[in-house]
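# Coordinate analysis (summary)
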Amino acid sequence: MSASNRAALITKLYTALKKHYKPTPPQPARPLLEHILYASLLQDSSAELADEGMAKCEQDFFDWNEVRVTTISELSQVLSRLPDPTKAATRLKSNLQSVFEEFYTFDLDHLKKENLGKAVAKFEKMPGMTPFVLSYTIQHGLGGHSIPVDYSAMVILMVTDIASQSEAAAGKVPGLERAIPKSKGIEFSDLLHQAAVALNNNAKDKKSRALVDDVAKGSSKRLDEWHTSKKAAKQRVADRKAKAAEDDELEQDAEEVKPADKKSAETAAKAKKADNKSAAEEASTSKSKKSASKKALPTKAAEIAAERTETKKKAAGKDSKKKSAKASASGSDAEKPATKKSASRKLSKRKPR
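Note that this is a predicted model, so its numbers are computed, not measured. (Residues numbered from 1 in each chain as written. Predicted model: local features only at pLDDT ≥ 70, side-chain atom pairs only at ≥ 80, totals over all residues. Heavy atoms only, no water.)

### Some points on helix H3 (residues 47–60)
Since one α-helical turn is 3.6 residues long, residues separated by three or four positions face the same way. Operational definition: The numbering of helices and of strands both runs from the N terminus, where a helix is a DSSP run of H or I of at least 4 residues and a strand a run of E of at least 2. Here the expected length of a helix is defined as 1.5 Å per residue gap, with one fewer gap than residues. Think of it in three bands: with a 1.4 Å probe and only protein chains considered, a residue is buried below 20% of the maximum accessible area for its type, exposed above 50%, and partly exposed in between. It is the directions from the helix axis to the C-beta atoms whose arc is reported. Throughout, a contact is declared for two residues whenever any of their heavy atoms are within 4.5 Å.
Helix length check: H3, at 14 residues, gives a terminal C-alpha distance of 20 Å against a target of 20 Å (1.5 Å per residue), a fit within 8%. Those residues of H3 not exposed but buried are Ala47, Leu49, Ala50, Gly53, Met54 and Cys57. Looking down the long axis of H3, one finds its buried residues gathered within 165 degrees of arc, a one-sided arrangement. In this structure, H3 carries Glu48 and Gln59 as exposed residues pointing more than 90 degrees from its buried face. Contacts made by the buried residues of H3 are with helix H2 (32–42), helix H4 (64–69), helix H5 (72–78) and helix H6 (85–103).

So this is what it looks like as structure tokens:
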């Protein structure tokens, strides 16, 4: 979009804001620190609720240092009337902590006398310093020209084609401070914030929808389409988260099952090993039995052979005895005739002459 068309739409928006809304009473004079804290509560919230939140913090806590050291949950309970108490409490506590770490004091009024650029550079370094809080602090606390635009206001600028989606995502609208002079900056910011918060709280708010249609025809229709796409995007994100959670649960279940499978596998392996061992033992036993039987056969044969040789020996012994008996018998017989002869010889010698 060209700068002239953007400036024309911004001027048209300012005219429509003055037509539909009235300026709120001006804010009281505050120390510079309290402008930072008030802006932290005012972001995406009405001025009435931001005033109530500031009053509760001042009543319930001894000083801002006690707010700094308190917990987010406790601070959220104090700011429970705000649209998003947790975010508001986080911004408030974070800015207090950043100021304390940067300056070691909560008295920042000396920065009003210094160069605006140096003070802005110091505030930009703070983690909790959002573009809205910084612009509000510059506008109300330091006297500079900067128009605070929060998320709610950016929706109006986007549906009226003053800001593109990329510019809305970056949180900066080029040419806004040039189109709105410094003398009208606080009023324009106040009116825009009223319309933005009303539309953020209720997308069907008639006054704010009429406002955007006055700036650019068909803006309310584009607003509905944007809300529809936003809901679809949220649903997609929710589905992805649910799927991721389901995948994580399945992975955990798988990890829990794996040890059981491992144990069963180990048990099966042990059983298989035992079976193999018993089979090996059986095989070795059978082999030993076979070898024993093989060894036993020769011993039996040897025994039989020994018995046979012993029988033969006995038989041979008997034969030798028989032979010796016969031999002795024959010897005796041979001796007998010799004796007869000798006897006859004697007898013959004894014959008378």
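So that's the structure; there's more coming.
### Overview of the pattern of salt bridges
Convention followed: Note on definitions: salt bridges are taken to be side-chain nitrogens of Lys or Arg within 4 Å of carboxyl oxygens of Asp or Glu.
Inspection of every chain in the model, using the stated rule, returns 11 salt bridges. Across the pair Asp109 and Lys112 runs a salt bridge whose closest N-O atoms are separated by 3.9 Å. When its relative accessible area of 29% is taken as the criterion, Asp109 is described as partly exposed. Counted as one network, the salt bridges with shared partners bring together Glu52, Lys56 and Arg81.

### Considerations on the side chain of Ser146
The cut-off we apply is this: Between N or O atoms, a polar contact is any pair within 3.5 Å; within protein, one atom must be a potential hydrogen donor and the other a potential acceptor, and residues adjacent in sequence are included only when both atoms are from side chains.
Checked against the element boundaries, Ser146 lands in the loop between helix H8 (131–141) and helix H9 (151–159). Among the residues examined, Ser146 registers a relative accessible area of 10% and is labelled buried. Polar contacts involving the side chain of Ser146 include one to the side chain of Ser135, which spans 3.0 Å. Contact partners of Ser146, with chain neighbours within four places excluded, come to Ser135, Ile138, Gln139 and Glu177.

### Topic: the side chain of Ser152
On the secondary structure map, Ser152 appears in helix H9. Using a relative accessible area of 2% as the deciding quantity, one classes Ser152 as buried. A polar contact of 2.8 Å, which involves the side chain of Ser152, links it to the side chain of Asp44. Non-local contacts of Ser152, meaning those with residues more than four positions away in its chain, are made with Asp44, Ala196, Val197 and Asn200.

### So, the environment of Glu58
Within the secondary structure, Glu58 sits in helix H3. When residues no more than four places from it in sequence are discounted, the contact partners of Glu58 are Glu34 and Trp64.

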